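Chain by chain, the residues:
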Amino acid sequence: YKFWKTQPVAKFDEKIDKEGPIDSLKTPADIPDEPSPLLNDFEWVTIDLNKEDEMKQVESLLYEHYVEDQDATFRFAYSSRFFEWALKPPGWRHEYHVGVRVRSTGKLVAFISGIPSLLRVRNNKVPSVEINFLCIHKKLRSKRLAPVLIKEITRRVNKNDIWQALYTSGAVLPTPVSTCRYTHRPLNWEKLYEVGFSSLPAGVTKSQMIAKYALPSSTKTPGLRKMVPEDAAQVLELYNKFQAKYDLVQEFTKDELVHWLCGPDTQRDLEDKDKVIVSYVVEQDGKITDFFSFYLLPFTVLNNSKYDRLNVAYLFYYATDAGLDGKDDAVLAKRLSSLIGDALVVTKNLKIDVFNALTSQDNTLFLKDLKFGNGDAFLNFYLFNYKAFPIKGGIDPETKELDPVSRSGVGVVML
Ligand SMILES: CCCCCCCCCCCCCC(=O)SCCNC(=O)CCNC(=O)[C@H](O)C(C)(C)COP(=O)(O)OP(=O)(O)OC[C@H]1O[C@@H](n2cnc3c(N)ncnc32)[C@H](O)[C@@H]1OP(=O)(O)O
Ligand SMILES: Cc1c(COc2ccc(F)c(F)c2F)oc2cccc(OCCCNCc3cccnc3)c12
């Protein structure tokens, strides 16, 4: 850890006595006005995501060079439409969209991004940024460029008097504040089998697997309907009450909640199947008692003769007033199984192939019941320049199996 050893992050197995910033003596005046030097052939740029061609360049860089599964069978296919949502929430800043170009050709070869976020870590409010989409062209890997990108976005963020960050990664780095497990609920099992994601257990036929994952064609929750921006005040109140139980939470203004759950203004009138974010509420007697949301982010299927794309939905934020008294988990589990069960029906009808969820939030209460299978990968949550006691990730630390009893303290969902 030649780079991470030099950063204000908790060292591995470091015992901490209290929670809070690690470095807290700097002010923006201490921060350099200039970026670190790059190798001569390269130059720093601020990407202007309001320019279609620059948005396209970010999309293309990540389309070819972003996160793959370890067998290099699938790669995330983030689109410009997704970045309009993920990288331009209320309060977004151009300077947090950092690129590296080849000086002579202008080719974009690296990117890293940040968005402003007000975190709550247990009882402390932590103004921060969420760092995501760190990507270096495959031909420029293992040249220590990642630390340079991380230092540059840190410099730009510090200049604005922000000193903490939240990020996730499959990579193991010093030091996760929480670790969650990937889980998957097949919707189109046959396609998952044909692309090599799902396997056929011994002694089971394909039609038995297809029957196992069958779903009703319509939802069952009375009062379930699509969310509209006018619902935001009630949804925000419900979200805040429901998320109060978690240790790591992203706090939203009403405008931020509308952005994250209803999408950018420009995408409001799209059909659900073309949206990046889909949200539903349950309204009973004029009162919103529940909501759920999921985002749509496909995978490119690498070298498969029949399919080149996998349609994936990811569970995003949800809440129900069934769980607010915190007394009876059985009532909460039953309500969530029914609610998220309807989310499966909605995504199946949108021709989604698999519905993904982490073991965060209250998910371990319903994952088994709804036939989510455990993935073989984990997502680590990290805080930059902030010491925090470990936060439960919904899995048993030893066995890595789901932990429906102590559940998770992670309320935030990263894209
Ligand atoms: C206050 C504001 C603070 C803001 C900043 C907060 C921190 C944000 C941190 C970033 C959050 C990102 C969140 C996401 O986007 S996670 C998604 C990351 N992107 C991908 O996985 C896409 C495909 N992979 C690549 O593009 C490259 O492999 C990347 C760019 C990932 C590394 O490039 P490369 O493979 O060419 O390596 P290197 O030679 O340049 O550098 C090697 C050094 O980099 C450390 N490394 C490797 N992978 C990661 C990683 N995912 N997070 C943090 N550090 C990482 C590694 O431990 C080593 O350091 P050390 O072991 O020597 O110490
Ligand atoms: C990613 C991901 C997976 C992998 O899922 C599949 C992989 C291959 C498939 F063929 C397939 F059908 C999957 F569903 O299952 C998940 C379950 C819950 C949440 C998941 O990802 C949350 C979004 C992670 N942000 C992207 C990212 C990923 C790694 C590091 N940094 C950022 C995932």
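Not measured: the values here are computed from a predicted model.

Q: Tell me about the site of ligand 1, and please be specific about residues and values.
A: If you check the shell around ligand 1, you find 33 residues, and the closest are Trp4, Leu134, Ser142, Arg144 and Ala146. The contact in question runs from an oxygen atom of ligand 1 to an N or O atom on the backbone of Lys2, over 3.2 Å. Ser169 is positioned with one of its side-chain polar atoms (N or O) 3.4 Å from a nitrogen atom of ligand 1. Sorting the residues of the shell around ligand 1 by element identifies strand 6 (124-136), helix 3 (145-159) and strand 7 (164-169) as the ones contributing at least two each. Class assignment for the residues of the shell around ligand 1 results in 21 nonpolar, 8 polar and 4 charged.

Q: How would you summarise the site of ligand 2 if you had to cite specific residues and measurements?
A: Surrounding ligand 2, one finds 20 residues, the nearest of these being Phe74, His184, Phe197, Asn356 and Leu415. In the model, an oxygen atom of ligand 2 is placed 3.3 Å from a nitrogen or oxygen of the Asn356 side chain. Between ligand 2 and Leu415 there is a distance of 3.1 Å, counted from a nitrogen atom to a backbone nitrogen or oxygen. In terms of residues, the shell around ligand 2 owes the most to one element, strand 16 (residues 354-358), which gives 4 residues. Class assignment of the residues belonging to the shell around ligand 2 gives a composition of 14 nonpolar, 6 polar and no charged.

Q: I'd like to hear about the nonpolar core, residue by residue, with values.
A: Phe82, Phe133, Phe292, Tyr295, Phe316 and Phe381 are the most contacted members of the largest nonpolar core, which totals 103 residues. When residues no more than four places from it in sequence are discounted, the contact partners of Tyr295 are Phe82, Trp85, Val276, Ile277, Val312, Ala313, Tyr314, Phe316, Val413, Met414 and Leu415. Within the second largest apolar cluster, 27 residues are counted, among which are Val129, Ile136, Ile153 and Ala165.

Q: Mind laying out helix 3, listing which residues take part and the relevant values?
A: With 15 residues, helix 3 ought to run about 21 Å at 1.5 Å a step, and its terminal C-alpha atoms sit 21 Å apart, in line with that. Counting buried positions along helix 3 yields 11 of 15 residues, so the element is predominantly enclosed. When we look at burial in helix 3, the residues that qualify are Leu145, Pro147, Leu149, Ile150, Glu152, Ile153, Thr154, Arg155, Arg156, Val157 and Asn158. Summarising the contacts, the buried residues of helix 3 are in contact with strand 2 (42-46), strand 4 (97-102), strand 5 (108-121), strand 6 and strand 17 (373-384). At the C-terminal side of helix 3, Asp161 shows a positive phi close to 65 degrees.

Q: Tell me about the environment of Ala333, and name the residues and values.
A: Along the chain, Ala333 falls in helix 8 (residues 329-349). Taking the C-alpha atoms as reference points, Ala333 and Gly393, 60 residues apart in sequence, are found 18 Å from one another.

Q: For helix 8, give the residues involved together with the corresponding values.
A: With 21 residues, helix 8 should cover 30 Å at 1.5 Å per step; its first-to-last C-alpha distance of 30 Å lies within 8% of that length. One side-chain oxygen at the N-terminal end of helix 8 lies 2.9 Å from the backbone nitrogen of Ala330; it belongs to Asp328. Looking one or two places after helix 8, you find Lys351, whose phi comes out positive at around 65 degrees.

Q: Give me the lowdown on the pattern of salt bridges, citing residues and values where you can.
A: Per the stated rule, a full pass over the model turns up 28 salt bridges. Among the salt bridges present, the one from Glu68 reaches Lys138, with a minimum N-O distance of 2.6 Å. In this pair, Glu68 sits in the loop between helix 1 (52-65) and strand 3 (74-76) while Lys138 sits in the loop between strand 6 and helix 3, placing the two residues 70 residues apart along the sequence. Since its relative accessible area comes to 25%, Glu68 is described here as partly exposed. On the basis of relative accessibility, which here comes to 39%, the residue Lys138 falls in the partly exposed class. Residue Arg155 is joined to Glu152 by a salt bridge in which the shortest nitrogen-to-oxygen separation is 2.9 Å. With a gap of 3 residues between them, Arg155 and Glu152 both fall in helix 3, about one helical turn apart. Exposure class is identical for Arg155 and Glu152. Each is buried. Among the ionic contacts, a cluster of salt bridges with common partners joins Lys245, Asp329, Asp362 and Arg407.

Q: Can you tell me about the layout of surface pockets, naming the residues and giving the values?
A: A volume near 630 Å³ is recorded for the second largest pocket. In terms of lining residues, the second largest pocket is bounded by 31 residues, among which Pro176, Val177, Ser178, Pro390 and Ile391 are the most central. The class makeup of the residues in the lining of the second largest pocket is 16 nonpolar, 6 polar and 9 charged.

Q: Can you explain the side chain of Asp247? Please cite residues and give values.
A: Topologically, Asp247 is positioned in the loop between helix 6 (232-243) and strand 10 (248-251). In this structure, Asp247 is buried with no salt-bridge partner, the nearest side chain bearing the opposite charge being Arg122 at 4.1 Å. Not counting residues up to four positions away in its chain, the partners in contact with Asp247 are Arg120, Val121, Arg122, Ile391 and Gly409.

What counts and how
Residues numbered from 1 in each chain as written. Chains lettered and ligands numbered in written order. Predicted model: local features only at pLDDT ≥ 70, side-chain atom pairs only at ≥ 80, totals over all residues. Heavy atoms only, no water. Near = heavy atom within 4 Å. Polar contact = N/O pair within 3.5 Å; in protein donor to acceptor, adjacent residues only side chain to side chain. Helix = DSSP H or I, 4+ residues; strand = E, 2+ residues; numbered from the N terminus. Nonpolar A, V, L, I, M, F, W, Y, C, P; charged D, E, K, R; others polar. Core = buried A, V, L, I, M, F, W, Y, C linked by side-chain atoms within 4.5 Å. Buried < 20%, exposed > 50% of the residue type's maximum accessible area, 1.4 Å probe, protein only. Contact = heavy atoms within 4.5 Å. Expected span 1.5 Å × (residues − 1). Salt bridge = Lys/Arg side-chain N within 4 Å of Asp/Glu carboxyl O. 1 Å grid on protein atoms, 1.4 Å probe; cavity = no way out; pocket = protein on both sides within 12 Å on 5 of 7 lines; lining within 4 Å. Points joined across faces, edges and corners; volume = space filled by probe spheres on them. Lys, Arg positive; Asp, Glu negative; His and termini not counted.

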